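Take a look at the letters that make up each chain.
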Amino acid sequence: MTTLVVAAAASETRYLPADVDVVLTGLGKTAAAIATTRALAERTPQERAGLQVVNLGSCGALRPGMRGVFEPGVVLNHDISADAIRALGHDVRERLGVGAGDPELVLATGDLFVSDAQVRDALAERASLVDMEGYAVVAACQAFDVPVRVVKHVSDDADASAFDWATLVDTSARDLAAWFTANVSST
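Description of the structure in this document. Remember, predicted model here, so these are calculated numbers, not experimental data. (Residues numbered from 1 in each chain as written. Predicted model: local features only at pLDDT ≥ 70, side-chain atom pairs only at ≥ 80, totals over all residues. Heavy atoms only, no water.)

Section: the packing of aromatic side chains
Enumeration according to the criterion identifies one aromatic pair in this entry. Ring geometry for Phe113 versus Phe163: centroids 5.7 Å apart, planes at 50°, classification tilted. Remark: Phe163 occurs in the loop between strand S9 (148-156) and helix H6 (165-183) and Phe113 occurs in the loop between strand S7 (102-109) and helix H4 (117-123); sequence separation between them is 50 residues. Classification of Phe113 as partly exposed rests on a relative accessible area of 38%. Residue class for Phe163 comes out exposed when judged on its relative accessible area of 60%. (Phe/Tyr/Trp six-rings, centres within 6.5 Å; stacked < 30°, edge-to-face > 60°. Helix = DSSP H or I, 4+ residues; strand = E, 2+ residues; numbered from the N terminus. Buried < 20%, exposed > 50% of the residue type's maximum accessible area, 1.4 Å probe, protein only.)

And the structure:
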């Protein structure tokens, strides 16, 4: 099995082994969806058949006491008006399962950079963690039938501390690299 790491920023992957295949998407759902789709579409069906994607990145904690590396089993597109779209007669898949992760652990993904405690607390009713790319990466991988794992390190508490991300991400990068080395074969 070949592993492709998908991450938003180089600062999140700087401590990975040099031989790891990395796609940097940029921030947000649209950038992540485009870059992941492009990376998968550029591979032949045979190459995709032997591929797994690992989405590594930092995230905010929506609940007190969450620290470290987590592998959520559900990703939630939190900033889509799913109920309104359903009322118009269209199907919306705002929740996607991620096979390898903890099914009780939900990662909310949205284009909103969560740095407000009130927004964080409202999201905490539906999820434990928040990022800006996970859902998009999972959606792209599922469209290509490529197995995907989502692995996130808590860099902040999704409040005003999130503005220190540029400083905090180094710890995330180190812990994510350690997780990768211990849990994924980069063959």
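Considerations on the environment of Val169
Within the element layout of this structure, Val169 appears in helix H6. Judged by its relative accessible area of 1%, Val169 is buried. Taking the C-alpha atoms as reference points, Val169 and Thr13, 156 residues apart in sequence, are found 9.8 Å from one another. Every residue in contact with Val169, bar those within four places of it in the chain, is listed here: Ser11, Glu12 and Ser58. (Contact = heavy atoms within 4.5 Å.)

A closer look at the pairing of strand S3 (residues 51-61)
Moving residue by residue along a regular strand, the side chains alternate between the two faces of the sheet. The element S3 is largely enclosed, with a buried count of eleven among its eleven residues. Looking at chain direction, strand S1 (residues 2-7) and S3 are connected through five bridges and run parallel. Among the inter-strand pairings, Leu4 is bridged to a residue of S3, identified as Val53. Pairing geometry for S3 and S9, over eight bridges, is parallel. Residue pairing in the sheet places Gly57 in a bridge with Lys152 of S9. Alignment of S3 against strand S8 (residues 129-131), held across two bridges, turns out to be antiparallel. Bridging across to S8, Ala61 finds its partner in Leu129. (Pairing = 2+ DSSP bridges.)

Remarks on the side chain of Arg43
Looking at the element boundaries, Arg43 is found in the loop between helix H1 (29-41) and helix H2 (45-49). A polar atom in the side chain of Arg43 sits 2.7 Å from the backbone oxygen of Ala39. (Polar contact = N/O pair within 3.5 Å; in protein donor to acceptor, adjacent residues only side chain to side chain.)

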